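Chain residues, written in single-letter form:
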Amino acid sequence: MNTSTNTPPSLADTDQRYAYLRAVIGGMPHGISVFDEQLRLRLWNASLLRILDLPESAVYPGVPFSDLIRVPALRGEYGPGDPEVHVQRITELARRFEPHHVERTRPSGRTHLVQGEPLIIDGTLAGFITTYTDITDRKKVEDALRRQHDLLHTVIESIPSAISLFNGKLELEHYNQEFLRLLDIPPKMLTDQPVTMEKLFSFNAGRGEYGPGDQQMIVSTLLDKARRAEAHRFERTRPNGITLDVRGVPLECGGFVTIYTDVSEQRASAEREQLAEKVFNHTPTGIIFTDEAHRILSANPAISQMTGYEPFELNGHTVFSLISPPPDSSPQDFVADVAANANWNGELMVTRKAGTEFPAGVRTSRVDDPHTGLPAHYIWMVADITERKQAEERMRHIAQTDALTGLPNRLSLLMRIAQLLPEARRHHWQVAIMFLDLDRFKIINDTLGHQIGDELLREVACRLSKVVRETDFVARLGGDEFVVILPGIHQPSDAALVANKIINSLAIPIEAEGHELHTSPSIGISIFPDDGPDGDTILKNADTAMYHAKAAGRNNYQFFAEAMNEASAERLNIERKLRHALARNELHLAYQPQFRADGSRPTGVEALLRWHHPEEGPISPVRFVPVAEETGIIVEIGDWVLRTACREVQAWIDRGLPPLRVAVNVSARQLRRRDFCEMVAGALAESGLPAELLELEITESSVMENPEEAIAILSRLGRMGVSLAVDDFGTGYSSLSYLKRFPIDHLKIDRSFVSDIEQDLNDRAIAFGTIALAHSLGLNVIAEGVETEDQLELLRSNGCDEVQGYLFSKPLDGHTAYAFLSAACAPAE
C-alpha cells in the first residue's frame, strides 16, 4: 500500500479503520460482514445475525468463513446433499474474491439479496465485504406488478384483429402475431428484409387470395390503390372461408396502418367478447371507462372492492369525485394535461365511500373516435399500492431507526442536524448537542450478557426520551452512545439543566431480569454556532467533551472548550520537550540481544531508543516516536542513534567482545534524505565499526512509499557492506515483486504474530509462512518478542534462524549489555 502519511501503517491504523467501519455499519438495517484476505470474519453488524438467523455463539472475530457458512449448510439452506460439500464449494468461490449479486430464498420463505465486493484498501486486496438485504416484501410487490403486466399483455395479445404497418416505401415495418395467423402468412417469408407490399400481394395472388385473373395485373392494380394513400375499408373472403374486415388508414409520413378483423364467425367474436368481459370483471386492477368529459360510464368489480362503491353509484359522476388530481395540479390543469398527452401515469389518492383515502398507481389512456379523431373515451387503470407504500415506509423506518431501542439512529441524527442547523443559522438560534456515553456499560454487558445489556439500553433510551421536550431529539449512535439535540435554547445553562436531569434520571437503579443495574452517564456538550460551524464539527467537539467528562471522574457533564483537545496538547508538549532532549542528554540507547534460534550464542543486538525526562521520568517510545516522525525531529535523533550505536558497539569490541552485529532502526524520513548513505558512511568511519557489523532495520511501508528510490538507496548501502532487514514484516503492505528486488538480508517477524503463536493458528500460519518465504528468497529470519519456551520451540522447529525477546534478555543499558554479552560469548568450561 502506498501511504500518503509520514508514519508507516501499523496494526493500530488497521484497528482504527475497523473501528470506523464498525461504527458506520453498526446501526444499518442491512446485514453486513467483512472478511479479511484469509477469509476470517473481522466486522459484522447485528442485522447479519438477524437476517441469516445466526446464533451469537457462531459469530466472533476471526471466525473462518467456512465455519460460519456451515451453520446454514447444516440447516439445509444450500439444498440437499452433504453439508460439507456445500461448505467446500462456497468457500472455494469465496477464495476467488469476485464480486457477486445473488438472490437466495431461505427455507423460511424469506428472500435475501446477497451482494459481495472485494475490499480494496489503497489498491490492495484486504478482504471481502458482503451485504444481506431482506427483499421479501419487495419481491412480493414485484410479483404482483409482474402479474398485472402479464395480464395486460394477455389482453393486448387477445385482441382478435391483425395489424400491419407499411411505411412510405410500402415496406412492412410492424405486425402482430395475429397478422401471421389470420392471413396465414408463413413466418419464414418475413425473414428476408425488406418485406414489400408487392411481395405480399404476389404471394397472396399466387395462392388465389384475390380470385382468378392475371397475377401481375392483380398486383399492379392493388399497388396503384395503395400508392394513392386513401383510407379504405372493405371485406374480403379468403379461400379457406374466413371473411376479413380490412381497414386501412394512411399515415402523415406515408404508408398505411391496416387492421384485419375476422368477422366470419359470430361465435368466435362472442367468445372473444366474453374473454374481455372476464378480464374486466376479474382482474385485480381497477378499470374505469369515462366519456370525453371524464364522466364514469362503467367500472369493474375491482373498483367496487377498492372503494366500497357499487358501479351504479359511480355511473354519471366525474372520475375526480373518486380520484384526486396531483397535489400540485388543479382538476382543470390535470384534465388538460391528460388530453394533451393521451397517456398519463403516476400515483394519486383514491377516496373510499367511507371517506378514507388510499394511494393508488393510476394509468389513464385517451381513446380517440376513429372517425373524427377527437377524444371519445378515457380508460383509467387503478391499482391499490397501499402495501407497497407501507413496505417503503417500513424500509425508511428501518433505515433511520435503531432496532434495539426504537430511537432514531446515526443516519436519522445526521439528517436531523443537516435540517436543523441551517434553520438555526437563519433564525440565530442556539442548538446544544449532547454526546452521552454510559459508564460501566461494558462491564455489565460482558458480565451479565448481551440480553441484560440490551434491556439496560432500552430503559436508558426510555428515560432519555422522558427527560427531554417534544421538540428535542434523542438518537442512539450504537453501543452505549447516545446523542441529544436541544434546539432553540436561550443560553448554555439550559443544556446544563437537561444534563443534570439526565444524570438524576439514570441515577435510579434499573431492574433487568432480576438484576439491579447501576450506570451513570458521561456527557459532553457543544453549542452551535459557538463550538463549530457545521454538524461534523459540533458532533466531534461534543464527543471530545464527553471524553473529558470521563477523565474528570464520570457521571458528570462537560462543555466543550478548545483546551480539551488533549491529544493535540499532548503532541505539542512532547514536541516541545523532544526538541531539547538531545541537547540535554535525555536520550540514551538500550540494547536487546539477539540469539541463534538454538540459543547457543548471541548473534547481535538491536539498539532501542529510550527517553528519560528529568521531570516526567521515562517516556514511552509509543508517545514520542510518532511525534518525532511527524515533525521531522526523527532525522536528527536517528543520526544520533546511528552514530551512538556504532561508537558504543565498537567500544565493546575494542574491550575484547567478539564482533557482533548491531541493528539500528531507520525511519521513512531518514530514507528520504539525499545524503543518507553518506551519513551512514560517516557514522561507520567515525566509529571504526566494520560495515558488515551494522544492520539497518527498515519497515515495509517506508520502502513502499517510493520503491524504486528505496531500491537504489538500499542497493548502495548493500554495496557498502551494510546488512539490511525488513522490520515488523507482515504488518505493512509490501509487494513481493518489489520485496525480491530489495537487497535485504533479514526479515523480522513482528511480535504481534509471535505473542499468540501458541494459540492462534492464523498467527502461526503467518509466522511459518514468513519463514518459508524468507528462505525461498535466500533471507534469514529473526523473530522478535519471544517470551516462552513454547514460542521458541515452535519457531526453531520451523526453521527460524534467530530470535529476540524477554525469554533471553530484556533491553539493557550499554554497560549491562556489554557484561551480559561477554558472559554469553565466553567459552564453556
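Residues numbered from 1 in each chain as written. Predicted model: local features only at pLDDT ≥ 70, side-chain atom pairs only at ≥ 80, totals over all residues. Heavy atoms only, no water.

**Notes on the sheet that holds strand E11 (residues 286-291)**
What counts is decided by this rule: Two strands qualify as a pair provided DSSP detects at least 2 bridges between them. Secondary structure elements are defined from DSSP: runs of H or I of at least 4 residues count as helices, runs of E of at least 2 residues count as strands, and each element is numbered from the N terminus. To get an axis, a line is fitted to the C-alpha atoms, and for a helix only the part in contact is used. The angle between two axes follows their N-to-C directions and goes from 0 to 180 degrees. Whether two residues are in contact is decided by their heavy atoms, any of which lying within 4.5 Å being enough.
Strand order in the open sheet made by the five strands is E12-E11-E15-E14-E13, with antiparallel pairing throughout. Pairing within the sheet leaves two strands with one partner each, and these edge strands are strand E12 (296-299) and strand E13 (343-351). Adjacent strand axes in the sheet meet at a mean angle of 25 degrees when their direction is disregarded. Here strand E14 (residues 357-368) runs beside strand E15 (residues 375-384); their pairing, made up of nine bridges, is antiparallel. Across the sheet, the residue bridging to Thr364 is Trp380, located in E15. In the packing of helix H12 (residues 331-341) onto the sheet, the strands contacted are E13, E14 and E15, and the crossing angle to E13 comes to about 150 degrees.

**Describing the state of the cysteines**
Filter applied, for reference: Whenever a pair of cysteine sulfur atoms sits within 2.5 Å, that pair is classed as a disulfide. The cut-offs for exposure are 20% and 50% of the maximum accessible area for each residue type, with area from a 1.4 Å probe on protein chains only; residues under the lower value are buried, those over the upper are exposed, and the others partly exposed.
What the rule picks out here adds up to zero disulfides. With no disulfide of its own, Cys677 lies 14 Å from the sulfur of Cys646, the closest cysteine sulfur. Classification of Cys677 as buried rests on a relative accessible area of 6%.

**Thoughts on the side chain of Ser47**
To be explicit about the condition: The term polar contact refers here to a pair of N or O atoms within 3.5 Å; inside protein, the definition further demands a hydrogen-donor-capable atom paired with an acceptor-capable atom, and it admits residues adjacent in sequence only when both atoms are side-chain atoms.
Within the fold, Ser47 resides in helix H2 (residues 46-52). A distance of 3.2 Å separates the side chain of Ser47 from the backbone oxygen of Pro29, its partner in a polar contact. Look past the residues within four positions of Ser47 in its chain and what remains in contact with it is Met28, Pro29, His30 and Gly31.

**Observations regarding unusual backbone geometry**
In this structure, the amide linkage connecting Gln193 to the following residue, Pro194, adopts the cis form with an omega of -5 degrees. By the secondary structure assignment, Pro194 is in the loop between helix H6 (177-182) and helix H7 (197-206). Between Phe528 and Pro529 the backbone carries a cis peptide bond, its omega angle lying at 5 degrees. Summarising the element assignment, Pro529 is placed in the loop between strand E21 (520-528) and helix H18 (535-551). Of note, His294 is a non-glycine position whose phi angle comes to about 65 degrees, a positive value. Turning to its location among the elements, His294 is positioned in the loop between E11 and E12. Take His294: its relative accessible area is 2%, and that puts it in the buried class. For Asn555, which is not a glycine, the phi torsion comes out positive at approximately 50 degrees. Topologically, Asn555 is positioned in the loop between H18 and strand E22 (556-559).

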